[in-house]
Amino acid sequence: MEPKAEERIKKQLEAAFSEDVIEWGKPYMERFMKLMAYYRCAIMEIETKLNVLNEEFSLQYDRNPISSIKTRLKSLPSIKDKLSKLGLPLSASAIEENLNDIAGVRVICSFPEDVYRIADALLKQDDITLVQKKDYIKSPKPNGYRSLHLIVTVPIFLAHEKRLMKVEIQLRTIAMDSWASLEHQLRYKKDYEFDDSMKAELLRCAELSAELDARMDSLRALVQPE
Ligand code: 0O2
């Protein structure tokens with residue numbers, strides 16, 4: 001395991017549990033750390049696949065469809081919260097069986113067309129299995145949020161076994177990402193409640209960002225006919 005990641009998880013454990021609980025739970029924690037390492041491997045697999053597709057498409061179209069890739073492993077406090085909301089115990093098997101977003105990969109694409117091109121190419125690969133797809137671009141959330149969400153399984157090959165790990169992939173354009181990041185920042189100002197006119201304003205911003213995407217995509221189609 002990457003030493004920095006192990007150190008970070010240890011700190012999260014120390015913050016979440018007392019010393020005796022940590023001692024008692026050592027065997028469980030070892031399973032947990034192992035599971036987190038598997039999720040990190042799955043993230044690496046998906047990231048490599050995306051980089052390969054980006055490389056191939058950039059040769060074909062003379063531009064990069066992927067602008068950037070961000071990855072994250074869900075933190076222990078978030079895992080704990082989510083499991084307790086679901087009424088489930090904090091255990092490696094409960095995590096693996098019930099949570100789909102421990103490993104997260106966010107793919108920021110240049111144009112809406114690229115989002116679908118990359119998603120289709122990834123899903124065609126014979127070691128990737130689609131578990132769930134939510135298309136918030138074709139059907140945005142009521143607040144205006146847009147992104148394509150995929151839950152997939154990807155195999156990781158260990159010394160003595162092959163494991164299928166779940167990864168949540170969020171694909172979105174630069175405009176969608178900019179709206180989502182700013183909305184997230186505003187929403188997490190805990191001491192502030194959004195009123196209806198502010199919600200309407202956020203929705204209007206999302207519509208403007210969708211219009212920007214559509215216009216830029218029309219320009220792309222002129223420059224780069226299919
Ligand atoms: P984080 O820190 O990004 O992981 P669930 O995943 O089960 O909790 P649901 O509704 O099935 O819930 O998942 P969904 O709708 O596929 O979306 C989950 C993730 O999408 C969120 O993760 C966000 O990253 C992103 N997302 C969804 N809706 C919004 C939104 O309105 N605004 C923004 N900015 N992001 C959104 P988490 O767990 O909230 O957080």
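Right above here is the structure, for reference.
Peer 1: Would you mind showing me how to read the environment of Leu 50 here?
Peer 2: In this structure, Leu 50 sits in helix H3 (residues 26-61). Sequence separation between Leu 50 and Pro 142 is 92 residues, and the spatial gap between their C-alpha atoms is 30 Å. In contact with Leu 50, other than residues within four places in its own chain, are Ile 66, Ile 69, Val 105, Val 107, Ile 118 and Leu 122.

Peer 1: Would you take a moment to explain the site of the ligand for this structure?
Peer 2: Neighbouring residues of the ligand: 16 residues in total, closest Arg 72, Lys 134, Tyr 136, Asn 143 and Glu 183. Lys 134 has a polar side-chain atom sitting 2.5 Å from an oxygen atom of the ligand. The side chain of Gln 170 places a nitrogen or oxygen atom 3.1 Å from an oxygen atom of the ligand. Alone, the ligand offers 740 Å² of accessible surface; in the complex the protein occludes 66% of this. The dominant element in the shell around the ligand, judged by the number of residues it contributes, is helix H7 (residues 174-187), at four residues. Per-class residue counts for the shell around the ligand are three nonpolar, four polar and nine charged.

Peer 1: Is there a simple way to think about the pattern of salt bridges in this case?
Peer 2: Opposite charge on two side chains lets them pair, provided their charged atoms get close. Enumeration according to the criterion identifies 16 salt bridges in this entry. One salt bridge connects Arg 63 with Asp 114, and the closest N-O pair in it is separated by 2.9 Å. Of the two residues, Arg 63 sits in the loop between H3 and strand S1 (66-73) while Asp 114 sits in helix H6 (residues 112-123), which places them 51 residues apart along the sequence. Among the residues examined, Arg 63 registers a relative accessible area of 21% and is labelled partly exposed. Here Lys 138 and Asp 135 are joined by a salt bridge, their closest N and O atoms 3.7 Å apart. Each of the salt bridges in this network shares a partner with another, and the network as a whole consists of Arg 72, Lys 74, Lys 82 and Asp 101.

Peer 1: What's the story with the nonpolar core in this structure? I'm lost.
Peer 2: Formed by 49 residues in total, the largest nonpolar core has its most connected members in Tyr 39, Ile 46, Leu 50, Val 167, Ile 169 and Leu 171. The contacts of Ile 46, once residues within four sequence positions are left out, are Val 105, Ile 128, Val 152, Val 154, Val 167 and Ile 169. Within the second largest apolar cluster, seven residues are counted, among which are Trp 179, Ala 180, Phe 194 and Leu 202.

Scoring rules and cut-offs
Residues numbered from 1 in each chain as written. Predicted model: local features only at pLDDT ≥ 70, side-chain atom pairs only at ≥ 80, totals over all residues. Heavy atoms only, no water. Helix = DSSP H or I, 4+ residues; strand = E, 2+ residues; numbered from the N terminus. Contact = heavy atoms within 4.5 Å. Near = heavy atom within 4 Å. Polar contact = N/O pair within 3.5 Å; in protein donor to acceptor, adjacent residues only side chain to side chain. Areas by Shrake-Rupley, 256 points an atom, 1.4 Å probe, with all protein chains shown as cover. Nonpolar A, V, L, I, M, F, W, Y, C, P; charged D, E, K, R; others polar. Salt bridge = Lys/Arg side-chain N within 4 Å of Asp/Glu carboxyl O. Buried < 20%, exposed > 50% of the residue type's maximum accessible area, 1.4 Å probe, protein only. Core = buried A, V, L, I, M, F, W, Y, C linked by side-chain atoms within 4.5 Å.

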